[in-house]
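Architecture at a glance
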Amino acid sequence: MAGAGRDLRALFSSNDQHLGGDEAFTNRQSQWQTVAAALTEHMRDITAPGFDVEDLEAPRRNLLVFHGVGGIGKSTLSRTLEAALAGQRPVQWSEPVWPHGASVLPVRIDLARSAGTDFERVVLTIRLALARLDRPLPAFDIALRRYWEHQHPGEPLEEYLRRGGLGARFGQALPQQMQSALADLAQALLLPGTVGSVLGEVTGSLVRALRERRQSVRALAGCARLADLLQAEPDVDALSYYPHLLAWELAQLPATKRVVPVILLDTFEDTGDRTHRDLERLLQRVVWLMPNAFFIVTGRSRLQWAEASLQGQLDWTGPVAWPGLNTTTLPRPRPAQAGDGATAGRQVLIGDFSPEDCEDYLARRLTREGQPLIGAPVRTVIAGRSHGLPLYLDLAVMRFLEIRRTRTPEPEDFDVDFPALIARTLSDLTREERHVLRSVALLDAFDLPLAVRAAGTDRDAPVLRLLERPFVREDPFGLWPFHLHALIRSTIRTADDRTDDRWSPHDWQQAAQRAFTALGEQWATSSAPGRMLLIGCLRQGLALARDFRLDLGWLADATWTYIGDSVWEPLAPPARPTTDHTPLTESTGSTSSAETELLTPADALVETLSALARRQHEHRERTADRLTAVINTRLLPAELHQMAVYYQAKAQRDLGRSDASHRGMRYVADGGGPLAPAARRGLAHLARLAGDFPTALETAQSLGWEGRHHRVTGDVWWVQAEMTRAAAAYQNARAEAEEHGIAGEQATAQAQRAFVLAFTDPEQADAELDLAQQLLSGLDLRATTLTTQIAALVRDAGTDRNVEDRARLLRSDINVAGLTSAEATLDLALCFHHAVTGDRAALAGTIARLRERIHTGDYAYYADITHFMAGLTLPAPSPARWLDSEQETRDRWRALVTTRRAHLTP
């Protein structure tokens, strides 16, 4: 970490005389390593045999570009690189070792509009930097003197340099060196008179001498194009070719005097726009005509010089001319990680600060008596909000000092965005690009077609231009490859926009509707992987519909597709942004809370789908409460309302509330909506839980695929100890689910098949459990996962494989989930284990716990089954209606125990 000097803004923002701190420079080691490596390679190239400074056709590799979003620290990097190359490196930067003992001569040129740098000043700055060589460069100096006399008649160069500040920066050596060069030429050409009065004659005589190859000018005769340049009209266009003379002069230096100029061109984006490239064309000539110099460009966008489409706008274009800038044949850079640089050839995207770097920056930026002025809690909030953008950190420091004048700043004071970031981001965008930027700020991620539709344009061009900006990040493996820098997106959406073309709330509403419609169209028409696209569109569509009170539209159909697969990926969008752009500004809490105020159908749908996905990780009581809150609003359309009621009834069944579950299932079944078959299946389950097996079986046989008839049939058969029939039913259920492409149903049916076969064939159960685990991979089905774990206990019943210890751990997971049915099944599995081992005491304890748990009437027949297993007499007549006689059912369960004992007997 190195300080870049006192922070004058902080110094003059407080009366505190003990306030200290530096403009801390943080975590750019990788960029320095990139510069050192590129410069080393450049030095080897220009000292290699065959290098010719006058070769105008060879590809150019003397250029390195750092580009990044506004506020990322490009100018700070440029200044620090200049200092490091001059010998004042940050302490964490390693010392470079240049090949052949070469030395470098850095000069930084700020191209920002505010600096007032024109092309003439650029050329003068380079020559002034070379004045440190303490020797004239006659080929260039005579051409420059001729240009100056024509363009600035009567204005001495010395006065211009003094007035423009260049003299103070570089000294007054250049005019003397130019005068010396002119005097030497006049003497060599045997011209009379003073230097000042014979400039024209010197130039003319020099041109004739060069054409005639006179011995008197042999030192300049090697510069093949000098005569042509001296004869050309001395205007700015001619000036742009004079750097060739500088390059030639540098090549003539003795080996002991050789130096490599490193020219840092900062704020390159201010050289013009993508339509008007006049200054850019002149600067490109400087780079091309000085192949023995090295250039480091910093700006917001990558250079497009390697694109052949720019032919005619620039002099040298295409990948052959600029191989290091060619990003079309190189892998796209990965998204910039904290503190590093993503590189494609010689184009380097400057990454964000890491959280640790942000905190370190803030700790060093303001100090008092050697200690950080900004406390750790405040630093943590600022760092988190900044998303690693140095400009945000800088603005937060100023806000800290402003608040500190009247009170102690608190962490909540920095949960804000800064409008200045909008101005910085939009400053060099065209009106069309600003429109696209605001449109895609509504989206988490996007591709070209989605951005075009969201912006409401019929042209790709403005979107393509925006995609080249460094605040647009790319993940080539994402469903939608592009996304905005998180802080830029947040600021565009939420900060107080004071730009001239700012959007009204109506503009934002229209853009949200366009983006929402475009997402629906992509989901309906795209050939991309169905489930992945469905989840992506739902997540983005739900957020837009919620934040802007949009009609549900295509979300209803997408919801039915989502629940039909029984996979349950999380869908809840992030908290609604606090912004004046959206109609709802009074509710900004997390949508994952049942207490979130539900005001629109979109609010209700977001909460419903969030509850359904989270039920795999929450207690069923929580799920039931959240769905009850949605149902009570009656905001959802009829069929989606029935969906909420159906899953509320499922949660109530899992909680042992059979009467309430029955009412809900009956309501949905009678409603005739998409979930009516599932509700009839629910009624069959409830009949089974009550022990009315004939009714459950009769209902199951009428359900069809939509009601999962095979699985419900298997559920009835296994409690009769008809394990072979149950396994066949579950196998049919799995095959039918595979035929329909329903992954969740496949996994559930297979888990049930493994469970029933674990009673009869432990070896086969191993293979069935392996298949169940494969089918569960990538799915979030908590109850099904618990079924496989109970099946493993049944498979190991009667053995010494820690069955009881595993059961205790499993019971904890079941209690967290609030699954009464799973706990009853776990106790049944333990009773099977105790019956096989003959542990009467443990069996009695498990039966007692089971009876206490099933006192409501549901699963009462589980207690009967435990007595059947152990060969015990029932304490009271069974209320269950078995498919066969009670004795036949008893015999089958008892046979499972005796068969297992025989299997385990050596």
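Residues numbered from 1 in each chain as written. Predicted model: local features only at pLDDT ≥ 70, side-chain atom pairs only at ≥ 80, totals over all residues. Heavy atoms only, no water.

Examining the overall build of the protein chain
The cut-off we apply is this: Helix and strand assignments follow DSSP, with helices taken as H or I runs no shorter than four residues and strands as E runs no shorter than two, numbered in order from the N terminus. For the exposure calls, accessible area comes from a 1.4 Å probe over protein chains only, and a residue counts as buried if that area is under 20% of its type's maximum, exposed if over 50%, partly exposed in between. Throughout, a residue-residue contact means that at least one pair of heavy atoms, one from each residue, lies within 4.5 Å. Each accessible area is a Shrake-Rupley estimate made with a 1.4 Å probe; only the visible protein chains count as cover when residues are assessed.
Each helix and strand in the protein chain was counted, giving 41 helices and 13 strands. A burial count over the protein chain gives 57% of its 906 residues as buried. At a minimum sequence separation of 6, the contacts of the protein chain that also span at least 24 residues come to 69%. For the protein chain, the exposed surface amounts to about 37,300 Å²; the carbon and sulfur share of it is 49%.

Quick word on the packing of aromatic side chains
Just so we agree on the cut-off: Centre distance within 6.5 Å is the pairing criterion for rings of Phe, Tyr and Trp, where only the six-membered ring of Trp is used; planes under 30 degrees apart are then read as stacked, over 60 as edge-to-face, and the remainder as tilted.
Summed over all chains, the structure comprises 28 aromatic pairs. Where Phe755 meets Phe759, the ring centres are 5.3 Å apart and the plane angle is 85°; that geometry is what we call edge-to-face. Residue Phe755 and its partner Phe759 are located together in helix H34 (residues 743-760), separated by four residues, close to a single helical turn. The pair Phe755 / Phe759 is uniform in exposure class, with both members buried. Where Phe759 meets Trp893, the ring centres are 5.7 Å apart and the plane angle is 80°; that geometry is what we call edge-to-face.

Notes on the side chain of Arg121
What counts is decided by this rule: Think of a polar contact as two N or O atoms within 3.5 Å of one another; within protein, one of them needs to be a possible hydrogen donor and the other a possible acceptor, and neighboring residues in sequence only count if both atoms come from side chains.
Topologically, Arg121 is positioned in helix H4 (residues 119-130). In this structure the side chain of Arg121 is engaged in a polar contact, spanning 2.8 Å, whose partner is the backbone oxygen of Gly164. Apart from residues no more than four positions distant in its own chain, Arg121 is found in contact with Gly116, Gly164 and Leu166.

Let's talk about the pattern of salt bridges
In plain terms, the rule: Salt bridge, as applied in this entry: a Lys or Arg side-chain nitrogen positioned within 4 Å of an Asp or Glu carboxyl oxygen.
The tally for this structure, following the rule as stated, stands at 53 salt bridges. The salt bridge partner of Asp501 is Arg434, with a shortest N-O separation of 2.6 Å. Placement of Asp501 in the loop between helix H22 (486-494) and helix H23 (505-525) and of Arg434 in helix H19 (residues 431-440) is noted, with a sequence separation of 67 residues between them. Residue class for Asp501 comes out buried when judged on its relative accessible area of 13%. The salt bridge partner of Arg493 is Asp547, with a shortest N-O separation of 3.7 Å.

Considering the packing of helix H39 (residues 840-853) against helix H40 (residues 860-870)
A packed helix pair is summarised by two numbers, namely the angle formed by the two axes and the spacing between the axes. Stated precisely, the cut-off is as follows: Working convention: axes come from line fits to C-alpha atoms, limited for helices to the stretch in contact. Angles between N-to-C directions cover 0 to 180 degrees. Our angle categories are set so that under 35 degrees counts as roughly parallel, over 145 as roughly antiparallel, 65 to 115 as roughly perpendicular, and the remainder as oblique. Handedness of each helix crossing follows the sense of rotation of the near helix against the far helix: counterclockwise by less than a right angle gives left-handed, clockwise gives right-handed. Residues are sorted three ways: Asp, Glu, Lys and Arg are charged, Ala, Val, Leu, Ile, Met, Phe, Trp, Tyr, Cys and Pro are nonpolar, and all the rest, Gly among them, are polar.
Contact geometry for H39 and H40: axes closest at 9 Å, N-to-C directions at 165°. By the angle class used here, H39 and H40 are roughly antiparallel. Read as a crossing pair, H39 and H40 show a hand that is left-handed. Only Tyr862, Ala863, Thr866, His867 and Ala870 of H40 make contact with H39, whose side of the interface consists of Arg840, Leu843, Ile847, Leu850 and Arg851. The class makeup of the residues in the contact of H39 with H40 is six nonpolar, two polar and two charged.

Topic: the environment of Thr430
Assignment of secondary structure puts Thr430 in the loop between helix H18 (419-426) and H19. Exposure remark for Thr430: the relative accessible area of 32% places this residue in the partly exposed category. Residues Thr430 and Pro462 lie 32 residues apart in sequence; the distance between their C-alpha atoms is 8.5 Å.

Topic: the pairing of strand E6 (residues 260-266)
Stated precisely, the cut-off is as follows: In this analysis, strands are considered paired if DSSP registers two or more bridges between them.
With seven of its seven residues buried, E6 lies for the most part within the structure. Burial of E6 is two-sided: the residues Val260, Val262, Leu264 and Asp266 facing one way and the residues Pro261, Ile263 and Leu265 facing the other way are all buried. With seven bridges joining them, strand E5 (residues 104-110) and E6 adopt parallel strand pairing. Residue pairing in the sheet places Val107 in a bridge with Ile263 of E6. When E6 meets strand E7 (residues 294-299), the two strands line up parallel, connected through four bridges. When the bridges of E7 are listed, Leu264 appears paired with Ile296.

Side note on unusual backbone geometry
One non-glycine residue, Arg634, lies in positive phi territory at about 50°. Of note, Arg634 is situated in the loop between helix H27 (620-633) and helix H28 (638-654). Taking relative accessible area as the criterion, Arg634 reaches 56% and is therefore assigned exposed.

Digging into the environment of Gly272
Mapped onto the elements of the fold, Gly272 is located in the loop between E6 and helix H14 (278-289). Here the alpha-carbon distance between Gly272 and Asp428, two residues 156 residues apart in the chain, equals 8.8 Å.

A word on helix H26 (residues 601-614)
Here is the rule: Each residue after the first adds 1.5 Å to the expected span of a helix.
In this model H26 runs 20 Å from its N-terminal to its C-terminal C-alpha over 14 residues, within 8% of the 20 Å that 1.5 Å per residue would give. Buried within H26 we find Ala602, Asp603, Ala604, Leu605, Val606, Glu607, Thr608, Leu609, Ser610, Ala611, Leu612 and Ala613. Looking at the buried side of H26, the elements it contacts are helix H24 (530-548), helix H25 (555-564), H27 and H28.

Notes on H23
For H23, with 21 residues, the first-to-last C-alpha span of 30 Å sits near the 30 Å given by 1.5 Å per residue. On the buried face of H23, the contacting elements are H19, helix H20 (448-455), H22, H24 and H25.

Notes on the confidence of the model for the protein chain
Basically, it comes down to this: Confidence scores per residue from the predictor, reported as pLDDT, run from 0 to 100.
Chain-level pLDDT for the protein chain is 86 on average; 88% of the residues reach the 70-or-more range. Across residues 193-197, where pLDDT falls below 50, the model places three contacts with residues more than four positions away in sequence or in other chains. Segment residues 329-344 is flagged for pLDDT under 50; beyond a separation of four residues in sequence, or across chains, it makes 46 contacts in the model.

What to know about the packing of H28 against helix H29 (residues 658-671)
The interhelical angle for the contact between H28 and H29, taken along N-to-C directions, is 150°, at an axis separation of 8 Å. Relative to H29, H28 is oriented roughly antiparallel. In this structure, H28 meets H29 at a crossing whose hand is left-handed. Together, His641, Gln642, Val645, Tyr646, Ala649, Lys650, Gln652 and Arg653 of H28 and Ala660, Ser661, Gly664, Met665, Tyr667, Val668 and Gly671 of H29 make up the contact between the two elements.

Concerning the environment of Ala86
When you line up the elements, Ala86 lands in the loop between helix H3 (74-85) and E5. For Ala86, a relative accessible area of 56% gives the class exposed. For the pair Ala86 and Ser103, spaced 17 residues apart in sequence, the C-alpha separation works out to 9.7 Å.

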